[in-house]
Amino acid sequence: MNGRSAGLAVKDVAKRFGRFPALKGVSISAEPGEFLALLGPSGSGKTTLLRVIAGLETPDEGSVFMEGSDFLAQTARERRVGMVFQSYALFRHMTVAKNIAFGLSVLPRAKRPSRKEIAARVERLLALVQLDGLGGRYPGQLSGGQQQRVALARALAIEPRVLLLDEPFGALDAKVRKELRFWLRHVHDETGVTTIFVTHDQEEAMDLADRVAVLNQGRIVQVGSPETLHEHPVSAFVFDFLGAANRLPCRLAGDLASFDGFSAPAVIATGAPANTTAWFRPHETELSLEGPGVTVSVVSLVTKGGAVQVECRDGDGNGYEVDCARAARPAGLAVGAQMKLRPRRVFVFPEPAAE
Amino acid sequence: MRASTPEKPKGAAWLVLGAAVLWLALTILLPLITVFVEAFRQGAAAYFAAFQDPDALAAIKLSLQVAAAAVPLNAAFGLSAAWLISKFEFVGKGLLLTLIDLPFSLSPVISGLVWVLLFGASGWFGPLLDKLGIQIIFSYTGILLATILVTFPFVARELIPLMQAQGADEETAAVTLGAGGGDIFWRVTLPNIAWALLYGVLLCNARALGEFGAVSVVSGHIRGLTDTMPLHVEVLYNDYNFVAAFAVASLLAGLALVTLAAKTLLEWRFSGELARSARH
């Protein structure tokens, strides 16, 4: 057992709901102060894992240790985890200040801080989440982003041993999401609380977390820093999930993937077969009028900031995405043009493409 | 969500509106006015004299005693059922929901008759109760049971939709913040449903005091003993004592008006509350 470690240690946790296996033996640990993201599509088990850590679900198998103590032997109430929900779950009939103070006000009298202390702590938390002066408002009088910040302050008020966030920005619009993302990272760095964050948005996970665990169908398929995941994905699923992806059939020859009349350097995951699928990113793909490559016709062109996003289609109807810098726009690029497409670098994996 | 401002009625709309108002006046307002007019036909003295009658006082007292027990019991039951149904997933939930609705679709006479069939002299448990010297039918207990059955859905039906809409998120959050069951109920769940609960209790109370059919079957109509207010109204009317009959009836009608006023007040207050949570 990995029970002695200082942070959080989840080992071989399995959980079924009826006949549906939500978690099939998941192990992961978080160091004290770490910011960990659980990333996966819906149904991958990420929220179940979070709820097991919080004590809201009981696993069928496995262990969860926190700072060396057995978490599964404690109720949700005793664990002192701060939890933030996608729906905010603020107490609608209480003011913002009462919401934040709730966790302190339900402590047994012997442990409960004095009224003055609670009020002071609420003030500090309001300042931390940049809602100074709004303590007297009701949740219904705040915007979604403000409500979620209140929810975070409420969770932080109990000085949680670990902070759990379940798709916290899922109900907010894109601009607010982005603002809150950077702000959450700031709050984490300020408080230093170990944080586990569930999301299905890979950009959010990559932007925020020290480490990202990618889940699929109840298993963790890869854990690593955002850079590791980008540079050394272990499977086509991870590669595909982390961003737009193109694919072409290829043959491996040494470090090269060879195609019809051209080849490209390949990052080869162990166990990749000789005849396989090459995966590559839109920004590592080139288009030109002449030269070797797959013949494609340009379907659409979208200019976004400094980049041009190109959508094209080959003779068999397979689609490809290409991103090129506006400054380096290939000659002859236009909707309907016939062009040659080549990957600059590809990834190959041991398994067939995940759907 | 607020509906767009309705237009001012014109033409055909006025006709429909007029017909509706006339219909309401004929079917609801007119009978209501009749009750008070008849009650005061021989003046205020005769009206108040009707309440000097010991049988009338006994009927009022019995009705209040029945409501005093039936309403809290059904409030407690309704709250537990609504809580179970809205905060948990379990087998048989659909069945429980149907059972709660059953008294609404059941004729009140049946709601009374079942108790006679169970506890009456020739009922299932009749001989056993007789041996033990316990009387349920033709007594307070029987009237209470019949009233409870009839008024059983009012509180639960008021709370279930509201609590289902609210979900269990706030309670879950409270658990993670370290709150125990008592704190969660008193400080999170109850404040969120207080107005709906009060509204359900009011409706339940009005029905408990006013129920005629079910109570009539089990009461046995013993004057001064097992006659409730609605039963006493019938007795007086059959005795051609119209002023007294309408005087007692006016109490029930007055209760209905108070309930209506309180309901309007609550709905007004309550809609603000709902609007606030909808903006969530």
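Below, the structure is looked at part by part. Here the structure is a predicted model, which means the values were calculated and not measured. (Residues numbered from 1 in each chain as written. Chains lettered and ligands numbered in written order. Predicted model: local features only at pLDDT ≥ 70, side-chain atom pairs only at ≥ 80, totals over all residues.)

### A word on the sheet that holds strand β1 (residues 8-17) of chain A
Backbone-to-backbone hydrogen bonds pair the strands of a sheet. The strands run either parallel or antiparallel. All names here are of chain A. Counted only if it meets this: A pair of strands is considered paired only if DSSP assigns at least 2 bridges between the two. In this description a helix means any DSSP run of H or I spanning at least four residues, a strand means any run of E spanning at least two, and both kinds are numbered starting from the N terminus. By the convention adopted here, residues are in contact when the distance between their C-beta atoms, placed from the backbone, does not exceed 7 Å. Fitting a line to C-alpha atoms yields each axis, with helices limited to the stretch in contact; the angle taken between N-to-C directions then spans 0 to 180 degrees.
If you trace the 4 strands from one edge of the open sheet to the other, you get β2-β1-β4-β5, paired in antiparallel fashion. Pairing within the sheet leaves two strands with one partner each, and these edge strands are β2 (20-30) and β5 (69-70). With respect to the sheet, helix α1 (residues 46-54) is in contact with β1, β2 and β4 (61-66), its orientation differing from that of β1 by roughly 115 degrees.

### What to know about the environment of Phe36(B)
Tracing the backbone through its elements, the reader meets Phe36(B) in helix α1 (residues 12-39). Linking Phe36(B) and Leu251(B), residues 215 residues apart in sequence, is a C-alpha distance of 9.6 Å.

### Considering unusual backbone geometry
All names here are of chain A. The criterion, for reference: Residue burial here comes from a neighbour count, namely the number of other C-beta atoms, placed from the backbone, that lie within 10 Å of the residue's own C-beta, with 20 or more meaning buried, 12 or fewer meaning exposed, and in between meaning partly exposed.
Its identity as a non-glycine residue notwithstanding, glutamate 67 has a phi of 50 degrees, on the positive side. One can find glutamate 67 in the loop between β4 and β5. By the C-beta count within 10 Å, which is 16 here, glutamate 67 ends up partly exposed. Even without being a glycine, arginine 80 presents a positive backbone phi close to 55 degrees. With respect to the helices, strands and loops of the structure, arginine 80 is situated in the loop between α2 (76-79) and β6 (81-84).

### Here's the deal with the interface of chain A and chain B
Spelled out, the test is: Put simply, Ala, Val, Leu, Ile, Met, Phe, Trp, Tyr, Cys and Pro go in the nonpolar bin, Asp, Glu, Lys and Arg in the charged bin, and everything else, Gly too, in the polar bin.
The partner chain B presents 18 residues to the 22 residues of chain A that form the contact. Broken down by secondary-structure element, the contributors of at least two residues to the side of chain A that touches chain B are α2, β6 and α3 (96-105) of chain A. A class-by-class count of the residues in the side of chain A that touches chain B yields 14 nonpolar, 4 polar and 4 charged.

### A word on the pairing of β1(A)
All names here are of chain A. Alignment of β1 against β4, held across 5 bridges, turns out to be antiparallel. Its bridge partner lying in β4, alanine 9 is registered against phenylalanine 65. As paired strands, β1 and β2 are joined by 8 bridges and run antiparallel to one another. Bridging across to β2, alanine 9 finds its partner in serine 29. Linking β1 to β2, which pair antiparallel, is a turn of 2 residues; within it glycine 18 sits at a positive phi near 60 degrees.

Read these as spatial facts, not as claims about activity.
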